[in-house]
Amino acid sequence: MAKAVIAGNWKMHMTCAEARAFAEAFLPLVADLPSDREVILAPPFTAIAALSEALSGSAIKISSQNVHWDGSGAYTGMISAPMLLEHGVTHAIVGHSEPRKYYSETDEQINHRARAAQEAGLIPILCVGESDAQRESGEAERVIRRQVEQGVDGLDPAALVVAYEPIWAIGTGKTCAAAEANRICALIRGWVGFPEITIQYGGSVKADNIDQLMAQSDIDGVLVGGASLDPAGFARIAGYQVPVTA
Ligand code: 13P
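Every value quoted in this text rests on a predicted model; they were computed, and no experiment measured them.

Chemist: Would you mind going over the overall build of the chain with me for this structure?
Modeler: Along its length, the chain carries 10 helices and eight strands. Relative to its length of 246 residues, the chain is compact, with a C-alpha radius of gyration of 17 Å against a globular reference of 18 Å. With the C-alpha coordinates of the chain rotated into their principal frame, the extents come out at 50 × 45 × 35 Å. By residue count, 50% of the 246 residues in the chain fall in the buried class. For the chain, the share of sequence-separated contacts (at least 6 apart) that also reach a separation of at least 24 residues comes to 73%. Between the centroid of the 18 positive side chains of the chain and the centroid of its 29 negative side chains there is a distance of 3 Å.

If you want it as structure tokens, here you go:
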């Protein structure tokens, strides 16, 4: 069975010094995690090298928060997959709702990013999710399905993570109810058409809701924002426990 994937997206937080201090506090807390899960941190680009060094010798992996579709070129401000691989990065978040919203990223661009990441040997974490207005107007499933189908086009689903992050649950404290998150994740599994695909839930994941989320049949991991900035809190999330079923 594939490992659960617990990832922390630091967004635009953490200097190099702060990332090193996080690693120092975090590593002892996750030294004895069960082997059924992997833990990933996604720092800002500037802290990747420092964090990679601070985590060396541990099982904690590093993701970027985005990646360009070309290996190099005249793309001011962008970072390519080979640049990330040089620092031991293993995953790349693509299609997060924040770059979709603030930088108008399209499904086509996101798919190019994911394809380039995969071709270079990175595992894309493809984010999808509907806005509040789209959910209210009954559009959620149509929107997510489009994001999934266009996003995964041409990708190997065996080297891919899809993260369902309803926008209205991000940074709001309004977690999607576990049963509803599970229902959407099951739909995504069907739309990808690969039963073994790893699907995460993201949006106000906290120490007090992680166990319930991870107990769901179609939630294989979580993508955590705010609660991943605190070493003890994120260690609690990484150490989630699900009830043993008889
Ligand atoms: P929060 O956990 O802060 O709601 O953020 C979720 C997210 O956007 C992770 O990518």
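Next, the rest of the story.
Chemist: Can you walk me through the site of the ligand in this structure?
Modeler: Near the ligand you find 13 residues, and of these Lys11, His96, Gly171, Ser204 and Gly226 are the closest. For the ligand, an oxygen atom lies 3.0 Å from a polar atom in the side chain of Asn9. At 2.6 Å from an oxygen atom of the ligand is found a main-chain nitrogen or oxygen belonging to Gly171. Protein coverage of the free-state accessible area of the ligand, which is 300 Å², stands at 96%. Considering only residue class, the shell around the ligand consists of four nonpolar, seven polar and two charged.

Chemist: Explain helix 1 (residues 16–29) here, please?
Modeler: Since there are 3.6 residues in each turn of an α-helix, residues three or four apart along the chain are aligned in direction. In this model helix 1 runs 20 Å from its N-terminal to its C-terminal C-alpha over 14 residues, within 8% of the 20 Å that 1.5 Å per residue would give. For helix 1, the full list of buried residues reads Ala19, Phe22, Ala23 and Phe26. For helix 1, the secondary structure elements touched by its buried residues are strand 2 (37–42), helix 2 (48–55) and helix 10 (231–238).

Chemist: What should I look at first to understand the sheet that holds strand 2 in this one?
Modeler: By definition, the strands of a sheet pair up through backbone hydrogen bonds, in either a parallel or an antiparallel sense. Taken together, the eight strands give a closed barrel; going around it, the order is 1-2-3-4-5-6-7-8, and neighbouring strands pair in parallel fashion. Sheet twist, expressed as the average angle between the axes of neighbouring strands with direction ignored, equals 25°. Running at roughly 160° to strand 5 (residues 123–128), helix 7 (residues 140–152) makes contact with strand 5 and strand 6 (161–164) of the sheet.

Chemist: How do you make sense of the pattern of salt bridges when you look at a structure like this?
Modeler: Pairing between side chains becomes possible if they bear opposite charge and their charged atoms approach one another. One pass over the full model with this rule turns up 16 salt bridges. Across the pair Glu105 and Arg113 runs a salt bridge whose closest N-O atoms are separated by 3.1 Å. Both residues of the pair, Glu105 and Arg113, belong to the buried class. With a closest N to O distance of 2.9 Å, Asp107 and Arg146 form a salt bridge. Here Arg146 lies in helix 7 and Asp107 lies in helix 5 (residues 107–120), a separation of 39 residues in the sequence. What makes Asp107 buried here is its relative accessible area of 9%.

About the thresholds
Residues numbered from 1 in each chain as written. Predicted model: local features only at pLDDT ≥ 70, side-chain atom pairs only at ≥ 80, totals over all residues. Heavy atoms only, no water. Helix = DSSP H or I, 4+ residues; strand = E, 2+ residues; numbered from the N terminus. Rg over C-alpha atoms; globule rule 2.2 N^0.38 Å. Buried < 20%, exposed > 50% of the residue type's maximum accessible area, 1.4 Å probe, protein only. Contact = heavy atoms within 4.5 Å. Lys, Arg positive; Asp, Glu negative; His and termini not counted. Charge placed at Lys NZ, Arg CZ, Asp CG, Glu CD. Near = heavy atom within 4 Å. Polar contact = N/O pair within 3.5 Å; in protein donor to acceptor, adjacent residues only side chain to side chain. Areas by Shrake-Rupley, 256 points an atom, 1.4 Å probe, with all protein chains shown as cover. Nonpolar A, V, L, I, M, F, W, Y, C, P; charged D, E, K, R; others polar. Expected span 1.5 Å × (residues − 1). Pairing = 2+ DSSP bridges. Axes fitted to C-alpha atoms, helices over the stretch in contact; angles between N-to-C directions. Salt bridge = Lys/Arg side-chain N within 4 Å of Asp/Glu carboxyl O.

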